[in-house]
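# Structure at a glance
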Amino acid sequence: MDASTARSARSLPPRSRFSDSEKLEGTGSWEEIEWMKHEPLARTLSHGMSEFLLEAEEVIVEGYGVVLVNTDEAGTLLVTNYRLLFVSEKTRDMISLGTIPLTTVEKFNKIATKPSSASRQSDKSASRKLLQVFGKDMRIIVFAFRAKTKQRHAVFDALLRWSRPLRLWDLYTFTCGASKYSGTNPKVRLLDEYFRLLGISSTFHASDDMIKEGSFTFSNGRWRISGVNSNYGLCATYPFALMFPKFFTDDEVCQASTFRSSRRLPVISWCHLATGAVLARSSQPLVGLVMNMRSNTDEKLVAALCGQLLDSQEGQRKLYIVDARPRKNALANGAFGGGSESASNYLQSEVVFLGINNIHVMRDSMVRLREYLDTHGTTSSDGTSSFLRQGGWSWGGGNVSGMSASVSTLGDTGWLTHVHCVLAGSSWIAARIAKESASVLVHCTDGWDRTTQLVSLSSLLLDPYYRTFKGFQALVEKDWLAFGHPFSERMGLPTFSGSGDLPFELIRQPSAG
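Below or above, wherever it landed, is the structure these notes cover. Note that the coordinates shown come from a computational prediction; the quantities given were computed from them, not determined experimentally.

Right, let's get into the environment of Phe-483. Residue position: Phe-483 is located in the loop between α14 (469-482) and α15 (487-491). Each C-alpha atom of the pair Phe-483 and Phe-240 lies 9.6 Å from the other, and the pair is 243 residues apart in sequence.

Here is the structure:
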């Protein structure tokens, strides 16, 4: 479909237009705008804006003569049902730095600053009306609006409404013609992935009828697919179908689930057909403050994950219980009923702590990383490039001491340490399975943040299928979507639609499998 043809008839809605007194001819920089006379324009800048809009993208608010402070460039700022869109008045091109999807906006706020003493004496009292936008992609974007207009207020209100919609269906992704694209039921795709892991994909193919009839509980010699969670009654954040050791019954599954946080009991995420080793995931055990609570069925389930070593007289394979948290954090969770396993209670096991911090520490680290990038990036939120700020011809100030200081500041964010911990932990897990034929059970506190990262990255290292386009899709759908990573909470999106006639599968959050 020719996008330009589809958009040619689209016009901007009347509610998005400001009165002539609020429009401003585009200029080259903020300083020019600050001191220009406030006069109505003879023409509007909305003419031709439709060429920048995507299918089903609608303009909510327009701002004229807005300056992108990062680049000191004036233009038109549009708030649409999909993004903030900034178009340069000088080049008539969309400026990528000033254009950001609304779901990528983390937060935004108004700022008012006074001109410097070097500004014109006649207008010293005039303040700069700024809008600061923080992106989840590390950007800090600042827009400047002319005083004595309501443009900033209108843009701010539009962002409040459209960057945090009340209903799921208000997101642009559900209004951009998604009905034109057909796809299989995500439950069908999850079952097909389970069939592949069990080595029975050449014999069985999942279907909607199979799911409706509940006739998907197949098995091989060691593992089976269970429908015990088909109505999400066992665990609301787990998928409808789960994989367990073959001889561990559904009654035992229900008993074991009570010993894990949010009933997220140990389940198989990936299995090695040749060696019998498995990669399993769960949440923390509910061992309590003095670490003395036990569950026979939980211990039996974890022991069953090991199984016998194939073609070997060495007996039971080794099991590594990988707790993603720092040891002190795991022990501290005991005060709230959680905690970590004792190796003495689990057959052939060894408990390993990876020392990956929680979501709160990660967020603080990301804030510091964003500030670092804003300081040392090519375009910063104060309109000064790092080249000018550092006073040199290369990154870090053009000298060894300046570069050392920059590297030190990056290290102080802690971000590289966190990334290293996750990558090193995933590599270690994959090595235990590949080199020792050991089974590994991974968990953190809830089992949906750090656990998901470790399990998916380990699977990516272990299974070449996941390094294909189709396989990577299956991996994300299984370990991130179906196993309940809280995307809505982490991304600040609506949790449910608010419409009573929508499929239950969409309303149920955060799991989508």
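This brings us to helix α13 (residues 450-462). In a regular helix each residue adds 1.5 Å, so 13 residues correspond to 18 Å; α13 covers 18 Å between its end C-alpha atoms and thus fits that length. Every buried residue belonging to α13 is among Arg-450, Thr-451, Thr-452, Leu-454, Val-455, Ser-456, Ser-458, Ser-459 and Leu-462, and all of these are buried. The inward-facing, buried residues of α13 contact β10 (267-271), β11 (278-281), α12 (415-436), β14 (439-443) and α14.

To continue, consider helix α3 (residues 151-162). Taking 1.5 Å per residue as the helical rise, α3 with its 12 residues ought to reach 16 Å, and the 16 Å between its terminal C-alpha atoms agrees with that figure. Along α3, the residues that are buried comprise Gln-151, Arg-152, Ala-154, Val-155, Phe-156, Ala-158, Leu-159 and Trp-162. Along its buried surface, α3 packs onto β1 (59-68), β2 (73-80), β3 (83-88), β5 (105-113), β6 (128-135) and β7 (140-145).

Attention shifts here to the nonpolar core. Counting 68 residues, the largest nonpolar core has Leu-191, Tyr-194, Ile-225 and Leu-265 as its most contacted members. Per-element tally for this core: the top contributor is helix α4 (residues 186-198), with 7 residues. Not counting residues within four places of it along the chain, the set of residues in contact with Ile-225 comprises Leu-191, Tyr-194, Phe-195, Leu-198, Phe-216, Thr-217, Phe-218, Ala-241, Leu-242 and Met-243. Counting residues in each nonpolar core, the second largest holds 25 residues, with Ile-60, Phe-86, Ile-95 and Val-133 among its members.

Here we take up the sheet that holds β11. Taken in spatial order, the 5 strands make up an open sheet running β10-β11-β14-β12-β13, and their pairing is mixed. The sheet terminates laterally at β10 and β13 (349-353), the two strands that pair on one side only. Across the sheet, the mean angle from the axis of one strand to that of its neighbour is 25°, orientation sign disregarded. Relative to β13, strand β12 (residues 319-323) is paired through 5 bridges, and the arrangement is parallel. Among the inter-strand pairings, Asp-323 is bridged to a residue of β13, identified as Phe-353. Docked against the sheet, helix α7 (residues 296-306) engages β10, β11, β12 and β14, running at close to 135° with respect to β14. The sheet strands contacting α12 are β10, β11, β12, β13 and β14, and the helix crosses β12 at an angle near 175°.

Structurally, Arg-224 can be placed in strand β8 (residues 223-226). The class for Arg-224 is buried, based on a relative accessible area of 12%. A polar contact of 3.5 Å, which involves the side chain of Arg-224, links it to the backbone oxygen of Lys-246. Contact partners of Arg-224, with chain neighbours within four places excluded, come to Phe-218, Ser-219, Leu-242, Met-243, Phe-244, Pro-245, Lys-246, Phe-248, Thr-249, Asp-250 and Val-253.

Here we come to empty space enclosed by the protein. Within the structure shown, the criterion is met by 1 cavity of 30 Å³ or more. In this structure, the largest cavity occupies an estimated 70 Å³ of space. Lining of the largest cavity is provided by Phe-259, Val-287, Met-291, Met-293, Arg-294, Glu-299, Ser-340, Glu-341, Ser-342, Asn-345 and Tyr-346. Each residue belonging to the lining of the largest cavity can be placed in one class, and the counts come to 5 nonpolar, 3 polar and 3 charged.

Right, let's talk about the pairing of β14 for a bit. Of all 5 residues in β14, 5 are buried; the element is thus mostly enclosed. Side chains of β14 alternate between two faces, with Ser-439, Leu-441 and His-443 and Val-440 and Val-442 buried alike. Pairing between β11 and β14: 3 bridges, direction parallel. Bridge pairing links Arg-281 to Val-442 in β14.

Another point: the pattern of salt bridges. One pass over the full model with this rule turns up 21 salt bridges. As a salt-bridge pair, Glu-350 and Lys-318 come within 2.7 Å of each other at their nearest N and O atoms. On the criterion of sequence distance, the pair formed by Glu-350 in strand β13 and Lys-318 in the loop between α7 and β12 is long-range, its members being 32 residues apart. Glu-350 gets classed as partly exposed once you look at its relative accessible area, which sits at 32%. In this structure, the salt-bridge partner of Glu-489 is Arg-490, at a minimum N-O distance of 3.2 Å.

Rules used in this analysis
Residues numbered from 1 in each chain as written. Predicted model: local features only at pLDDT ≥ 70, side-chain atom pairs only at ≥ 80, totals over all residues. Heavy atoms only, no water. Helix = DSSP H or I, 4+ residues; strand = E, 2+ residues; numbered from the N terminus. Expected span 1.5 Å × (residues − 1). Buried < 20%, exposed > 50% of the residue type's maximum accessible area, 1.4 Å probe, protein only. Contact = heavy atoms within 4.5 Å. Core = buried A, V, L, I, M, F, W, Y, C linked by side-chain atoms within 4.5 Å. Pairing = 2+ DSSP bridges. Axes fitted to C-alpha atoms, helices over the stretch in contact; angles between N-to-C directions. Polar contact = N/O pair within 3.5 Å; in protein donor to acceptor, adjacent residues only side chain to side chain. 1 Å grid on protein atoms, 1.4 Å probe; cavity = no way out; pocket = protein on both sides within 12 Å on 5 of 7 lines; lining within 4 Å. Points joined across faces, edges and corners; volume = space filled by probe spheres on them. Nonpolar A, V, L, I, M, F, W, Y, C, P; charged D, E, K, R; others polar. Salt bridge = Lys/Arg side-chain N within 4 Å of Asp/Glu carboxyl O.

Read these as geometric descriptors, not functional statements.
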